[in-house]
Amino acid sequence: MAPLASACCRLLLLLALLPCCSLAADEAALLLQIKTAWGDPPALAGWNITSATGRHRCMWPHVGCNPAGRIVSLRLSGAGLTGHFPDAVGDLSALTHLDVSNNTISGAFPTALYRCASLRYLDLSRNNLSGELPPDISRRLGPNLTKLFLSGNQFRGAIPGDLGSLTRLRNLVADQCNLGWLRWLRNAWNPWPRTFLT
Ligand SMILES: *[C@@H]1O[C@H](CO)[C@@H](O)[C@H](O)[C@H]1NC(C)=O
Ligand SMILES: *[C@@H]1O[C@H](CO)[C@@H](O)[C@H](O)[C@H]1NC(C)=O
Ligand SMILES: *[C@@H]1O[C@H](CO)[C@@H](O)[C@H](O)[C@H]1NC(C)=O
Ligand SMILES: *[C@@H]1O[C@H](CO)[C@@H](O)[C@H](O)[C@H]1NC(C)=O
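Residues numbered from 1 in each chain as written. Chains lettered and ligands numbered in written order. Predicted model: local features only at pLDDT ≥ 70, side-chain atom pairs only at ≥ 80, totals over all residues.

J.: I'd love a proper account of the environment of G142, names of residues and values included.
T.: Here G142 is to be found in the loop between α2 (137-140) and β8 (147-149). Through-space distance from the C-alpha of G142 to that of S118 is 5.6 Å; in sequence the pair is 24 residues apart. Sequence-distant contacts of G142, that is, excluding residues within four places in its chain, are made with C116, A117, S118 and L119. (Helix = DSSP H or I, 4+ residues; strand = E, 2+ residues; numbered from the N terminus. Contact = placed C-beta atoms within 7 Å.)

Structure (structure tokens):
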């Protein structure tokens, strides 16, 4: 019985470890994919395959992990990101804090972020994003989102009327987009005592 039991133990241990490690490896691979999509800027030279193993990706510049080794934050303000917003960011499913402000990311509002259900802080300001905000933005962004920064982009049209369903949203900053918006926002957000607009 003893050898069998110990073989079982080893198998169980292996099974217990598998999800963690394949997931971790996946997130490093995702970051490498994301870096390429954003034009491989010098600020992300530290994200490279030679340092991709184990928990090293948690030491990569601008990356933050939780104690379980899942990526929870990317702080990429002014990192020289160009091109479209990579869909792979949506696969970082533990992400809570994303700052990509002050870059030249173009294209539409990144709906890939709908898959980041734990998102609390999202700063897309000062980029080259354009088009209308999707009407389902408030229902689809994480329910815990408290800070959303959209200013300094090329968005046009109206703010989707149901943004109020983001019940924890405290800060919404959408200046330098369109005056019509700003007026709409002032009206819409007046009842929210802790909301400010700049
Ligand atoms: C790879 O990343 C590590 C740290 O993340 C860095 O020290 C090293 O210089 C990088 N290598 C290249 C070729 O950029
Ligand atoms: C924006 O990023 C550039 C580098 O890409 C930096 O020089 C500049 O200081 C940043 N501006 C702000 C307001 O953070
Ligand atoms: C939202 O925040 C609460 C309280 O911190 C947490 O329990 C919950 O898991 C969070 N929801 C998501 C989808 O991350
Ligand atoms: C900004 O986006 C427009 C398309 O909306 C594109 O034509 C232009 O090249 C982009 N500029 C930069 C600096 O990426």
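J.: How would you explain the site of ligand 4 if you had to name every residue and give the values?
T.: Taken together, T104, S106, N128 and S130 make up the full set of residues near ligand 4. When contributions to the shell around ligand 4 are tallied by element, the ones reaching two or more residues are β5 (104-107) and β7 (128-132). For the shell around ligand 4, a count of residues per class yields no nonpolar, four polar and no charged. (Near = placed C-beta within 6 Å. Nonpolar A, V, L, I, M, F, W, Y, C, P; charged D, E, K, R; others polar.)

J.: Now, about unusual backbone geometry: what can you tell me, with residues and values included?
T.: Non-glycine residue N102 carries a positive phi angle of around 60 degrees. Within the secondary structure, N102 is located in the loop between β4 (97-99) and β5. Even without being a glycine, R126 presents a positive backbone phi close to 55 degrees.

J.: Requested: an account of the nonpolar core, with residues and values cited.
T.: In this structure, L81, L95, V100, L113, L119, L122 and L124 are the most contacted members of the largest nonpolar core, which totals 33 residues. Per-element accounting of this core gives the leading share, three residues, to helix α1 (residues 2-37). Discounting residues that sit within four places of it in the chain, L124 has contacts with V100, S101, L129, F149, L150 and N153. (Core = buried A, V, L, I, M, F, W, Y, C linked by C-beta atoms within 7 Å. Buried ≥ 20, exposed ≤ 12 C-beta atoms within 10 Å, placed from the backbone.)

J.: Break down the sheet that holds strand β9 (residues 154-156) for me, citing the residues and quoting the values.
T.: Across the sheet, which stays open at both edges, the four strands sit in the order β3-β5-β7-β9 with parallel pairing between neighbours. Since the sheet does not close on itself, it has two edges, and those belong to β3 (82-84) and β9, each with one partner. Taking the axes of each pair of neighbouring strands and ignoring which way they run, one obtains an average angle of 20 degrees across the sheet. Bridge count for β5 against β7 is two bridges, and the pairing is parallel. Its bridge partner lying in β7, G107 is registered against L129. (Pairing = 2+ DSSP bridges. Axes fitted to C-alpha atoms, helices over the stretch in contact; angles between N-to-C directions.)

J.: Would you mind going over the confidence of the model for the chain in detail, with residue names and values included?
T.: On average, residues of the chain score 77 in pLDDT, and 64% of them are at 70 or above. Confidence drops under a pLDDT of 50 for residues 7-22, and excluding neighbours within four residues, the segment shows zero contacts in the predicted structure. (pLDDT = per-residue confidence, 0-100.)

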